[in-house]
Amino acid sequence: ISVIIPVYRDWERLRLCLDALERQTLAAEPFEIIVANNEAAPRAPLKRLPANARVVHEPRPGSYGARNAAVDASVGAYLAFTDSDCVPEHDWLEQGLAALNANPKVRVTGPVSIFRVPGTSYYAYVYDLHTAFAQREYVSAGHCVTANLLVAREIFDLVGPFELCFSGGDTMWNWRAQARGVPIVHDDSVRVRQICQNSV
């Protein structure tokens, strides 16, 4: 399985994401981490990378193009998408793979809960807590956010790459998958937490 993470000027929060991936209950050997640097310069100011991680560079602006570049560089039979400001739960990959194996040829997603970094705005946190991702509602409409999306590579290839846009590319990709007859499954055990967007 290949974990796909785009990053743009968010290296500090990416560190939390990578730390969480190092603590996965799935052994490190079966998965790789592909970080797509979406800045103009190829620099990646990380002091350390997990042993199973590497950085690719996609200078064209837009996180969806960066995700495509990371997918192109990856080798996994499954793709797990998350974001640099997300912290996957310790069993995210294990539960995600179990859900994919139990439901072949589907898209799998789960909750994206908001959490607050200590010392940041409580009011911003409360706002995000009540207005952020309603994954179950999204799934009922046939889509989900790429903060928490797992899919077999053959399904991703069937649907095709993300459209090169600045917003809504995850929704458009999921609608194309829906049109192709690829079901989407919401699994409560496939969990990701996201840092409050307004708390930096």
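It should be noted that the structure appears before, not after, this text.
Conventions used here
Residues numbered from 1 in each chain as written. Predicted model: local features only at pLDDT ≥ 70, side-chain atom pairs only at ≥ 80, totals over all residues. Heavy atoms only, no water. Helix = DSSP H or I, 4+ residues; strand = E, 2+ residues; numbered from the N terminus. Buried < 20%, exposed > 50% of the residue type's maximum accessible area, 1.4 Å probe, protein only. Polar contact = N/O pair within 3.5 Å; in protein donor to acceptor, adjacent residues only side chain to side chain. Contact = heavy atoms within 4.5 Å. Pairing = 2+ DSSP bridges. Right-handed = clockwise from strand over helix to strand, strands pointing away.

## Let's talk about the environment of Asn101
Thought 1: Considering the arrangement of structural elements, one finds Asn101 in helix 3 (residues 92–102).
Thought 2: We classify Asn101 as exposed; its relative accessible area is 52%.
Thought 3: For the pair Asn101 and Ala152, spaced 51 residues apart in sequence, the C-alpha separation works out to 9.7 Å.
Thought 4: Here the side chain of Asn101 touches Tyr78 through a polar contact of 3.3 Å, side chain to side chain.

## Thoughts on the side chain of Ser84
Thought 1: With respect to the helices, strands and loops of the structure, Ser84 is situated in the loop between strand 4 (78–81) and strand 5 (86–88).
Thought 2: One polar contact links Ser84 to Asp10, side chain to side chain, over a distance of 2.7 Å.
Thought 3: In contact with Ser84, other than residues within four places in its own chain, are Ile5, Pro6, Val7, Asp10, Arg13, Leu14 and Cys17.

## Here's the deal with the pairing of strand 1 (residues 2–7)
Thought 1: For strand 1, the buried fraction is high: six of the six residues fall into the buried class.
Thought 2: Looking at chain direction, strand 1 and strand 2 (residues 32–37) are connected through six bridges and run parallel. In the strand pairing of strand 2, Val7 is matched with Asn37.
Thought 3: You can see the chain leave strand 1, run along helix 1 (residues 11–22) and come back into strand 2, and the turn it takes is right-handed.

None of this, on its own, says anything about what the molecule does.
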